[in-house]
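# Architecture and fold: a report
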Amino acid sequence: MRIVLMGPPGAGKGTQAPRLAEKINAHHISTGDMLRAETAAGTELGLMAKKFMDAGDLVPDQVMIDMIAAQMATQTAVGGPGADTEPGIILDGFPRTLAQAEALDEALQATGGAIDAAIMLDVERDELVRRLAGRATCANCKAPYHLTFSPPSKEGVCDNCGGNLVQRPDDQPEAVRHRLHVYDDQTAPVLDYYRAKDKLTVIDGAGAPDDVFKLLLAAARR
Ligand SMILES: [Zn+2]
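Reading the values: rules and limits
- Residues numbered from 1 in each chain as written.
- Predicted model: local features only at pLDDT ≥ 70, side-chain atom pairs only at ≥ 80, totals over all residues.
- Heavy atoms only, no water.
- Donors = N, O, S within 2.8 Å, 3.2 Å for Na, K, Ca; no water.
- Tetrahedral: all angles 85-135°; square planar, octahedral: opposite > 155°, others 65-115°.
- Helix = DSSP H or I, 4+ residues; strand = E, 2+ residues; numbered from the N terminus.
- Buried < 20%, exposed > 50% of the residue type's maximum accessible area, 1.4 Å probe, protein only.
- Salt bridge = Lys/Arg side-chain N within 4 Å of Asp/Glu carboxyl O.

Coordination of the zinc ion by the protein is provided by Cys138 (SG), Cys141 (SG), Cys158 (SG) and Cys161 (SG), with metal-donor distances spanning 2.3 Å. If you look at the zinc ion, its four donor atoms make angles of 100 to 116° with each other, and the shape they trace is tetrahedral. All donors to the zinc ion come from one chain, and their sequence spacing reads C-x2-C-x16-C-x2-C. Residue cysteine 141 is located in the loop between strand 5 (135–138) and strand 6 (144–146), and its partner cysteine 158 is located in the loop between strand 6 and strand 7 (165–166); the two are separated by 17 residues in the primary sequence.

As structure tokens, then:
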């Protein structure tokens, strides 16, 4: 079972992916975690990726693709040759672009495999903005708040010390909307790609985490 878990920032992938992996006995492959591990281990791929990240650039498609291919080959080898004994894989944060999605399929085809399902956690734009844009911090004691989900008892004032609550510029609603727009531009073609192959399931990610997980599990077992 090879699943691509998709969804915009704030949709809850980071919460749901490890939980699904444990439930269906799959490896959770997070590209963010992988980049950190490869870099720390000083592998050729890791050093290459680090060069781009240190310069503030995005890691190029081909570097990401090579890294994922190597990781998936390792995971398959661990599970043994038979399909029944192979552990599943949940990809989180990859593919992010159409080029990555196509390369992933090519790499899998070379080993006789394929992506079984792409699952998209769908959350309304306004809700994502609420989740992402509500973060605030006390300027004095640094206590964290969320203006919607864990607000202070008096607006704009820290419960602990009476200090002013401040928001980072990239957590302001306009900045969050821009981040989501950029994400849409990159991933809409990836969604279309899996939809055209009849592998895309879109589930409602707006509910409580336990409810979303039930939907996710059903989609994974479809
Ligand atoms: Zn405070």
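It is worth spelling out the environment of lysine 197 at this point. Position of lysine 197 among the secondary structure elements: in the loop between helix 7 (173–196) and strand 8 (200–204). By relative accessible area, lysine 197 is classed as partly exposed at 39%. Placed 89 residues apart in sequence, lysine 197 and leucine 108 show a C-alpha to C-alpha distance of 15 Å.

When their charged atoms lie close together, side chains carrying opposite charge are able to pair. A complete count under the given rule lists six salt bridges for this structure. Residues aspartate 210 and arginine 19 are paired through a salt bridge, measuring 3.0 Å at the closest nitrogen-oxygen approach. In this pair, aspartate 210 is assigned in helix 8 (residues 209–220) and arginine 19 in helix 1 (residues 13–23), connecting sequence segments 191 residues apart. Accessibility expressed as a relative area gives 46% for aspartate 210, which makes it partly exposed. When the shortest N-O distance is used, the salt bridge between arginine 131 and glutamate 127 registers 3.0 Å. With a gap of four residues between them, arginine 131 and glutamate 127 both fall in helix 6 (residues 125–133), about one helical turn apart.

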